[in-house]
Amino acid sequence: MSEGDKADALYLLEEGSIALSIASEDGDVEVAELDAPAHFGELGMLLERRSATARTLTDARAWKLPRARFEDLVRERPEIGLTVARGLAGLLDRRQRQLIGAVPLPEESRPAAASRTKARPTWRARAIGAAAAVAVPGLLWAVPAPQGLGADGWHVLLVLVGASIAWTLDVVPDFAVAIGLATAWGLLGLAPAAVAFSGFT
């Protein structure tokens, strides 16, 4: 990866060490050394051209994550985008401090809530979640509506309960649950399609 090349990917360093350098009038200036596990090329997610050259210091293995796939992952798991943004902010802070000769700040540990990543459910867990999302409203469908709530209102609420189960158990992506919720209301005659899908506009 050379400075000035087209930026189209993020790199994940699995093994080894690399050095990052930037060209200057006096020659290349090394700006960072990275030891695995690490990532580099973050600016390539935002810029058109590479801002530094990467060269290996030892035998190394790196995985290339194309920009299009990275964007898909961020849409599916926003915490990945936050992690990269946090890394970019730290990089900018370090470079600014180096530029003016300031003392580097100690590395901050990430808050526990930010460092937790939600484990992706297995297909079996998804199947159980989907069954629960359908079975719970189905079992309660014939139960009389609570006092003060009409039959249609009760059924709207039950469909919402099923959707809540699907959201909580991460059966499918959130947008699919939302579309399924609106579709169910429309097909069951609980709300006109224009009203059920109005939130998507």
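Residues numbered from 1 in each chain as written. Predicted model: local features only at pLDDT ≥ 70, side-chain atom pairs only at ≥ 80, totals over all residues. Heavy atoms only, no water.

### Let's talk about the environment of Ala132
Move 1: Take Ala132: it is sitting in helix α4 (residues 123-140).
Move 2: Given a relative accessible area of 25%, Ala132 falls into the partly exposed group.
Move 3: For Ala132, the contacting residues outside a window of four places in its chain are Pro137 and Ile165. (Helix = DSSP H or I, 4+ residues; strand = E, 2+ residues; numbered from the N terminus. Buried < 20%, exposed > 50% of the residue type's maximum accessible area, 1.4 Å probe, protein only. Contact = heavy atoms within 4.5 Å.)

### With respect to the sheet that holds strand β5 (residues 53-56)
Move 1: Taken in spatial order, the 3 strands line up as β3-β2-β5 in an open sheet, and their pairing is antiparallel. Only two strands of the sheet have a single partner each, and these edge strands are β3 (27-35) and β5. When the angles between neighbouring strand axes are averaged without regard to direction, this sheet yields 30°.
Move 2: Inspection of the sheet shows strand β2 (residues 17-24) paired to β5 by 4 bridges, in the antiparallel sense. Bridging from a neighbouring strand, Leu20 pairs with Ala54 of β5. (Pairing = 2+ DSSP bridges. Axes fitted to C-alpha atoms, helices over the stretch in contact; angles between N-to-C directions.)

### Considering the packing of aromatic side chains
Move 1: In total, this model carries 1 aromatic pair according to the counting rule given.
Move 2: On the numbers, 5.4 Å between centres and 10° between planes, the contact of Tyr11 with Phe40 is stacked. Separated by 29 residues along the polypeptide, Tyr11 in strand β1 (residues 9-15) and Phe40 in strand β4 (residues 38-40) bring together distant segments of the chain. As far as the burial class goes, Tyr11 and Phe40 line up, both buried. (Phe/Tyr/Trp six-rings, centres within 6.5 Å; stacked < 30°, edge-to-face > 60°.)

### Comments concerning helix α6 (residues 174-187)
For the α-helix, the turn length of 3.6 residues means that residues three or four positions removed from each other point alike.
Move 1: Taking 1.5 Å of rise per residue, the 14 residues of α6 would be expected to cover 20 Å, and the 20 Å separating its terminal C-alpha atoms lies within 8% of that figure.
Move 2: Restricting attention to buried positions, one finds in α6 the residues Val177, Leu181, Ala182 and Trp185. The arc enclosing the buried residues of α6, seen along the axis, measures out at 130°, which places them on a common side. Those residues of α6 that are exposed and angled more than 90 degrees off the buried face are Phe175 and Leu187. (Expected span 1.5 Å × (residues − 1). Arc of directions from axis to C-beta.)

### Digging into the nonpolar core
Move 1: Counting residues in each nonpolar core, the largest one holds 11 residues, listed as Ala133, Val159, Ala163, Ile165, Ala166, Val171, Val177, Leu181, Trp185, Leu190 and Ala191.
Move 2: Breaking this core down by element, the ones donating at least two residues are α5 (151-168) and α6.
Move 3: Ranked by residue count, the leading element in this core is α5, at 4 residues.
Move 4: Among the nonpolar cores identified, the runner-up in size contains 9 residues, and Tyr11, Leu13, Ile18 and Leu34 belong to it. (Core = buried A, V, L, I, M, F, W, Y, C linked by side-chain atoms within 4.5 Å.)

### A short note on the pairing of β3
Move 1: Here β2 runs beside β3; their pairing, made up of 8 bridges, is antiparallel. Opposite Ser24, over in β3, you have Gly27 as the bridge partner.
Move 2: Following β2, the chain reverses through 2 residues before pairing antiparallel with β3.

### Focus: unusual backbone geometry
With the exception of glycine, the majority of residues adopt a negative phi angle, and the majority of peptide bonds are in the trans configuration.
Move 1: A cis amide bond links Ala36 to the next residue, Pro37, at an omega of -5°.
Move 2: The residue Pro37 is located in the loop between β3 and β4 in this model.

### Examining the pattern of salt bridges
A side chain of one charge can pair with a side chain of the opposite charge when the charged atoms of the two come close.
Move 1: All chains considered together, the criterion is met by 6 salt bridges.
Move 2: Close ionic contact of Asp8 with Arg50 constitutes a salt bridge, the shortest N to O distance being 4.0 Å. Here Asp8, found in the segment before β1, pairs with Arg50, found in the loop between β4 and β5; they are 42 residues apart in sequence, far enough to count as distant.
Move 3: The exposure class of Arg50 is buried, given its relative accessible area of 7%.
Move 4: We note a salt bridge from Lys64 to Asp8, for which the minimum N-O separation is 4.0 Å. Here Asp8 lies in the segment before β1 and Lys64 lies in strand β6 (residues 61-66), a separation of 56 residues in the sequence.
Move 5: Of the residues examined, Lys64 reaches a relative accessible area of 48% and is grouped as partly exposed.
Move 6: Taking the relative accessible area as the measure of exposure, Asp8 reaches 33% and is therefore partly exposed. (Salt bridge = Lys/Arg side-chain N within 4 Å of Asp/Glu carboxyl O.)

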